Amino acid sequence: MNSLPIDVDAEAVFLDDAWYTREDLARRIKAMIDGGDYNIARPSAALEALSATLQQVRTLSFRVTPDLADALTQLANRSGNSVGQLVREAVMRLLTESAAEAEEKSRRREDTVKAAAPTPPERQPMPPDEALSGPPVVVPGPGALRAAGLDPAAAPPIELTRRVEPQPAAARADENGWFKQ
């Protein structure tokens, strides 16, 4: 994007604290070369930017009521700008604000966390102390499935569990005599 301000109404570019038209820049560049100053990069870039911008300028027309036209003209006179400049600034502000609102709306949408469906109790992970206290789960590997005559790739997963009957504390103490007192 061009960094030099361009006034499309006056067809001028702001360079070195002054406004230059295409003809002014061409004369300045010629005078610099004639004077032996070949450092014409900035004026040449400004002329190129101005010409490129003016080639791409489009004219839009729209209808307004006489009251709005008069109000725009009065505002332009008070501010020292043209009506076209005021309209361009208003449209630019509208587009900028609209883009900022769309970006904010998108950001809010991304920040919104969708609540996941609650996990049923049977599928929730057990707390560590409960997981260790239950019976161990034995899952047969592919070799055990083949030995049982099942195709490991086609067989549904099978869980084998070892059933452990709870025993009273006295019975456990009798099993291991060294716990007796």
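These notes cover the structure that comes with them. Remember, it's a predicted structure, so these values are computed and weren't measured experimentally.

**Considering the overall build of the protein**
Okay, so step 1: Secondary structure assignment for the protein yields seven helices and five strands.
Okay, so step 2: Starting at the N terminus and walking to the C terminus, you meet the elements of the protein as β-β-β-α-α-α-α-α-β-α-β-α.
Okay, so step 3: Here the protein, with 181 residues, has 10% of them falling under the buried criterion.
Okay, so step 4: When the accessible area of the protein is evaluated, it comes to approximately 15300 Å², of which 56% is carbon and sulfur surface.

**A look at the pattern of salt bridges**
Where charged atoms from two side chains of opposite charge approach closely, those side chains can pair.
Okay, so step 1: Within the structure shown, the criterion is met by five salt bridges.
Okay, so step 2: For the salt bridge of Arg42 with Asp16, the shortest nitrogen-to-oxygen distance reads 3.0 Å. With Arg42 in helix H2 (residues 41-56) and Asp16 in the loop between strand E2 (12-15) and strand E3 (18-21), the pair connects residues that are 26 residues apart, well separated along the chain.
Okay, so step 3: Residues joined in a network through salt bridges with shared partners are Asp16, Arg28 and Arg42.

**Thoughts on the sheet that holds E3**
Okay, so step 1: Read from one edge to the other, the open sheet built from three strands follows the order E1-E2-E3, with strand pairing classed as antiparallel. Since the sheet does not close on itself, it has two edges, and those belong to strand E1 (6-7) and E3, each with one partner.
Okay, so step 2: The strands touched by helix H1 (residues 22-34) within the sheet are E2 and E3, with E3 carrying the most contacts at an inclination of about 95°.
Okay, so step 3: Packed on one face of the sheet, H2 meets E1, E2 and E3 and runs near 150° to E2.

**Considerations on a nonpolar patch on the surface**
Okay, so step 1: A cluster of nonpolar side chains, Phe62, Val64 and Leu68, forms an exposed patch at the surface whose accessible area comes to about 270 Å².
Okay, so step 2: In this fold, Val64 is placed in the loop between H2 and helix H3 (66-79).
Okay, so step 3: Among the residues examined, Val64 registers a relative accessible area of 35% and is labelled partly exposed.

**Overview of the nonpolar core**
Okay, so step 1: The biggest cluster of nonpolar side chains holds seven residues, and these are Val13, Leu15, Tyr20, Leu25, Ala46, Leu50 and Leu54.
Okay, so step 2: If you list the elements that add at least two residues to this core, you get E2 and H2.
Okay, so step 3: In this view, Leu50 contacts Ile6, Glu11, Ala12, Val13, Tyr20, Thr21 and Arg22; residues no more than four positions away in its chain are not counted.

**Remarks on H3**
Okay, so step 1: The end-to-end C-alpha separation of H3 is 20 Å, in line with the 20 Å expected for 14 residues at 1.5 Å each.
Okay, so step 2: Of the residues flanking the end of H3, it is Gly80, one or two places downstream, whose phi is positive at about 80°.

**What about the layout of surface pockets?**
Okay, so step 1: In this model, the largest pocket occupies a volume close to 970 Å³.
Okay, so step 2: In this structure, the largest pocket is lined by 24 residues; those nearest its centre are Val8, Val57, Arg58, Gly84 and Arg88.
Okay, so step 3: Within the residue set of the lining of the largest pocket, elements represented by two or more residues are H2 and helix H4 (83-111).
Okay, so step 4: Ranked by residue count, the leading element in the lining of the largest pocket is H4, at eight residues.
Okay, so step 5: Among the residues forming the lining of the largest pocket, the class breakdown is 14 nonpolar, five polar and five charged.

Reading the values: rules and limits
- Residues numbered from 1 in each chain as written.
- Predicted model: local features only at pLDDT ≥ 70, side-chain atom pairs only at ≥ 80, totals over all residues.
- Heavy atoms only, no water.
- Helix = DSSP H or I, 4+ residues; strand = E, 2+ residues; numbered from the N terminus.
- Buried < 20%, exposed > 50% of the residue type's maximum accessible area, 1.4 Å probe, protein only.
- Areas by Shrake-Rupley, 256 points an atom, 1.4 Å probe, with all protein chains shown as cover.
- Salt bridge = Lys/Arg side-chain N within 4 Å of Asp/Glu carboxyl O.
- Pairing = 2+ DSSP bridges.
- Contact = heavy atoms within 4.5 Å.
- Axes fitted to C-alpha atoms, helices over the stretch in contact; angles between N-to-C directions.
- Patch = residues over 30% accessible without salt bridge, like charges linked within 9 Å, V, L, I, M, F, W, Y side chains within 5 Å.
- Core = buried A, V, L, I, M, F, W, Y, C linked by side-chain atoms within 4.5 Å.
- Expected span 1.5 Å × (residues − 1).
- 1 Å grid on protein atoms, 1.4 Å probe; cavity = no way out; pocket = protein on both sides within 12 Å on 5 of 7 lines; lining within 4 Å.
- Points joined across faces, edges and corners; volume = space filled by probe spheres on them.
- Nonpolar A, V, L, I, M, F, W, Y, C, P; charged D, E, K, R; others polar.

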